[in-house]
Amino acid sequence: MMDGSLNKLRKYFESGATQSYSFRKKQLEKLKDAILKYEKDLYKALHDDLKKSSEESWVTELGLVLSDIRMAMKNLRQWMEPERVPTNLMNLPSSSYVMKEPMGVALIIAPWNYPFQLLINPLVGAIAAGNCVVLKASEYASATDAVMKKMIEETFSDEYILYVQGIGAKVVPEMMNRFTFDLVFYTGSTAVGKIVYKMAAEKLTPVILELGGKSPCVIESDANIKVAARRIGITKFSAAGQMCVAPDYVLVHTSVKEKFIGHLKESLLKFFSDRPESSYDYCRIVNEKQFDRLAGYLKDGRVIYGGRTDRSKLFIEPTILDHVSADAPVMKEEIFGPILPVIPFETMEEAKSIIQQNPDPLSFYIYTGKSSKEKEWLTAVPAGSACVNNSSWHFTNHHLPFGGRGSSGIGLYHGRYSFDAFSHRKAVMKTPAWFDPAIKYPPFRGKLKLLKKLVR
Ligand code: NAD
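Counting restarts for each chain, with residues numbered from 1 along the sequence as it is written. Reporting of local features is limited, given that this is a predicted model, to residues whose pLDDT is at least 70; pairs of side-chain atoms are given and counted only at 80 or more, and all residues count toward the totals for whole chains, interfaces and linings. Note: side-chain values were computed over all heavy atoms of the structure, leaving out hydrogens and water.

1. Here's the deal with the pairing of strand β5 (residues 161–164)
Relative accessible area decides the class of each residue, using a 1.4 Å probe on protein chains only: under 20% of the type maximum gives buried, over 50% gives exposed, and in between gives partly exposed. Secondary structure elements are defined from DSSP: runs of H or I of at least 4 residues count as helices, runs of E of at least 2 residues count as strands, and each element is numbered from the N terminus. Alternating positions in β5 separate into two faces, Ile161 and Tyr163 on one and Leu162 and Val164 on the other, with burial throughout. DSSP calls a pair of strands paired once it identifies at least 2 bridges connecting them. Across four bridges, the pairing between strand β4 (residues 132–136) and β5 is parallel. The residue of β5 that forms the bridge with Leu135 is Tyr163.

Encoded structure:
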């Protein structure tokens, strides 16, 4: 059954139907209209899955995707244009260019934390680049999964975009072992990312891996502490900390630690009140498994704010942990929840050694008022991306590429970079027939001097 569906995609791709500018543009338009049509259903589903508010869902899910669609529609013709490049002396009078070719049939796999955006945003790039696509959402955000299935199946034929449901650990290997995809675009944990990478390697299928990790946040003594506390407060606890680019932990200069904690507590109280369980703006943990894992971290330090939990409601209060040792489990694994360890440091070396326990984070955040310190820190910490005096918001700027490095991922997307991610850059050289110099053909004896002039 599955074999037949996947082969249908291959056939459709090979028919060339997805290649023209007008086809791609039309599909982007259809996707935009479908999202707007399903806006209310998506809000409800995101609320059912994670208790996200409509406002948060707009900014971090629907609105974000729609702005990528608008950008793609506006720039598609230019993105598709072959890029002219110069030709070296030896090959003149040839002309050279780079052609953007669709990869073919792509598989997009998404996690549960931003279940809509992380599935549909890569789809925008895939459509713009002229691919056929298999979509696999996370089974853990089942309400959103159901709405997206309905939306996609109503909008696109299943020989063009196929929506597959089921347990990821079962259906993804089934598909990847039986069918050769031309690209696998995976977002999720590093552990599963490695499994997907191995399966792809068997068939030399290229991958884009958007993985996780511990994104550190450094606060220098010269930072605007009040602003830092507010920005870290919102980005750490938005989606109840279940965000891949959330600040995982804070390294704060000893001299401003108390001030930072004071402002952070004040901000959290303002954002979510002293009863965050009834706050319109505060999300829930996705399931019991994640809840139990997170609740376990509460003993890894001294709770100085929050700390209350309710398993029956999958609720964990926004929590600040003090006195956390660098070798506690909460400092070894990605937290991915509303628990923020705050660790003081004296010297940059000391802070760096803690960051280096988990190298190549997905993002790195530095709060400082001095541009010399900003440069020093940005150079000192290799990371997928970074913010200065901010956290996480860079993800929403579609002019910036997004992706990890090393254990936080391979490849980039968003905006123009999504088009590139789903395109092969085919190098083309075109040579006229009217000039065919003898220097390029044997016998070569005696031509060395001239060849040295032509090839250098
Ligand atoms: P996950 O790895 O458990 O699941 C992600 C997807 O993989 C799901 O669709 C699931 O069905 C599928 N899957 C599960 N087991 C599989 C297997 N054995 N083989 C193939 N596919 C399988 O991840 P998650 O818990 O859903 O997401 C959380 C992680 O994702 C965190 O580490 C977070 O940092 C990361 N993340 C990264 C980004 C990013 O953009 N880099 C964004 C969001 C989340």
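2. Quick word on the state of the cysteines
A covalent bond between the sulfur atoms of two cysteines is what we call a disulfide. By disulfide we mean two sulfur atoms from cysteines, separated by a distance within 2.5 Å. All told, the structure shown has zero disulfides when counted by the stated rule. Cysteine Cys217 remains unbridged, with the sulfur of Cys387 as its closest cysteine sulfur at 9.1 Å. Looking at Cys387, the relative accessible area reads 7%, which means it is buried.

3. Thoughts on the sheet that holds strand β2 (residues 95–102)
The three strands lie next to each other as β1-β2-β18, forming an open sheet whose pairing is antiparallel. Only two strands of the sheet have a single partner each, and these edge strands are β1 (83–85) and β18 (423–430). Ignoring which end each strand starts from, the neighbouring axes of this sheet average 30 degrees apart. Relative to β2, β1 runs antiparallel, the two being bridged by three bridges. For Val85, the partnering residue across the bridge sits in β2 and is Ser96. The axes used here are C-alpha line fits, helices contributing only the stretch in contact, and every angle between their N-to-C directions lies in the interval 0 to 180 degrees.

4. Quick word on the layout of surface pockets
Where empty space is left becomes clear once a probe the size of a water molecule has been rolled over the atoms. Taken as a whole, the second largest pocket encloses approximately 400 Å³ of empty space. Cavity: a set of points on a 1 Å grid over the protein atoms alone where a 1.4 Å probe fits but cannot get out. Pocket: an open set with protein on both sides within 12 Å along at least five of seven lines, its lining residues, like those of a cavity, having an atom within 4 Å of a point. Surrounding the second largest pocket, 21 residues form its lining, Glu56, Thr60, Ser238, Met243 and Trp393 being those nearest its centre. Elements with a contribution of two residues or more to the lining of the second largest pocket: α4 (54–80), α5 (117–128) and α9 (225–237). Looking at the lining of the second largest pocket, the element that brings in the most residues is α4, giving five residues. Polarity classes work like this: nonpolar for Ala, Val, Leu, Ile, Met, Phe, Trp, Tyr, Cys and Pro, charged for Asp, Glu, Lys and Arg, and polar for all others, with Gly in that last group. Its residues assigned to classes, the lining of the second largest pocket shows eleven nonpolar, seven polar and three charged. Looking at which domains feed residues into the lining of the second largest pocket, each of domain 1 (2–211 + 405–428) and domain 2 (216–396) supplies at least three. Grid points are joined across faces, edges and corners, and a volume is the space filled by probe spheres set on the points. Segmentation of the chain into domains, including their bounds, is taken from an automatic or database domain assignment.

5. So, the packing of helix α2 (residues 21–37) against helix α6 (residues 142–155)
Contact geometry of α2 with α6 gives a least axis separation of 10 Å together with a crossing angle of 140 degrees. Here α2 lies oblique to α6, going by the angle between them. Along this stretch, α2 crosses α6, giving a crossing that reads as right-handed. Side by side, α2 and α6 meet where Lys30, Leu31, Ala34, Ile35 and Lys37 of the first sit next to Met151, Ile152, Glu154 and Thr155 of the second. Taken together, the residues of the contact of α2 with α6 break down into five nonpolar, one polar and three charged. Here the word oblique covers every angle except those under 35 degrees (roughly parallel), over 145 (roughly antiparallel) and from 65 to 115 (roughly perpendicular). Left-handed describes a crossing whose near helix is turned anticlockwise from the far helix through less than a right angle; right-handed describes the clockwise counterpart. In what follows, a contact means two residues having at least one pair of non-hydrogen atoms within 4.5 Å.

6. Considering the domain arrangement of the protein
Assigned domains of the protein: these are domain 1 (2–211 + 405–428) and domain 2 (216–396). Put simply, the middle of domain 1 and the middle of domain 2, counted by C-alpha atoms, are 31 Å apart. The partner domain 2 presents 25 residues to the 22 residues of domain 1 that form the contact. Should a side-chain nitrogen of Lys or Arg be within 4 Å of a carboxyl oxygen of Asp or Glu, the pair is scored as a salt bridge. Counting across the interface, domain 1 meets domain 2 through one salt bridge. Of the charged contacts in the structure, one is a salt bridge between Asp360 and Arg405, with a shortest N-O distance of 3.1 Å. Whenever a nitrogen or oxygen atom comes within 3.5 Å of another N or O atom, the pair is scored as a polar contact, on the condition that within protein one atom can donate a hydrogen and the other can accept it, and that pairs from neighbouring residues in sequence are kept only if both atoms are in side chains. Counting the contacts that link domain 1 with domain 2 gives ten residue pairs in polar contact (both at pLDDT 80 or more). The set of elements that each furnish at least two residues to the side of domain 1 that touches domain 2 consists of α4 and α5. When residues of the side of domain 1 that touches domain 2 are assigned to their parent elements, the largest contribution, five residues, is made by α4.

7. Focus: the packing of aromatic side chains
The criterion for an aromatic pair is that two Phe, Tyr or Trp rings (for Trp, the six-membered ring) have centres within 6.5 Å, with stacked assigned to planes under 30 degrees apart, edge-to-face to planes over 60 apart and tilted to the rest. As enumerated under the stated definition, the model contains 16 aromatic pairs in all. Each residue in the set Phe185, Phe395, Phe402, Tyr413 and Phe422 is aromatic and connected to the rest through ring pairs, giving one cluster. Just above the ring of Tyr114 sits the side chain of Lys52; from NZ or CZ to the centre is 3.7 Å. Either the NZ atom of lysine or the CZ atom of arginine qualifies as a charge over a ring when it sits within 6 Å of the ring centre and within 35 degrees of the ring normal. The side chain of Arg77 reaches across the aromatic face of Tyr21, ending 3.9 Å from its centre.

8. A look at empty space enclosed by the protein
For the structure shown, the criterion picks out two cavities of 30 Å³ or more. There is about 40 Å³ of room inside the largest cavity. The wall of the largest cavity is formed by Gly213, Lys236, Gly241, Met243, Cys244, Ala246, Pro247, Asp248, Glu334 and Phe336. Broken down by class, the residue content of the lining of the largest cavity amounts to five nonpolar, two polar and three charged. Approximately 30 Å³ is the volume found for the second largest cavity. If you trace the second largest cavity, you find it lined by Met176, Phe179, Phe181, Val184, Met199, Ala200, Lys203 and Thr205. A class-by-class count of the residues in the lining of the second largest cavity yields six nonpolar, one polar and one charged.

9. So, the sheet that holds strand β9 (residues 249–253)
Read across the sheet, seven strands follow the order β10-β13-β14-β9-β8-β15-β16 without closing on themselves; strand pairing throughout is mixed. This sheet does not close on itself; its edge strands, each paired only once, are β10 (302–305) and β16 (385–388). Averaged over neighbouring strand pairs, the angle between their axes works out to 25 degrees when direction is ignored. Two strands pair when backbone bridges link them, and strand β8 (residues 216–219) and β9 are joined in this way by four bridges, in the parallel orientation. Residue Cys217 lies in a different strand from β9, and its bridge partner there is Val250. Most of the contacts of helix α10 (residues 257–272) go to β10, to which it runs at about 60 degrees, and overall it touches β8, β9, β10, β13 (319–322) and β14 (339–345).

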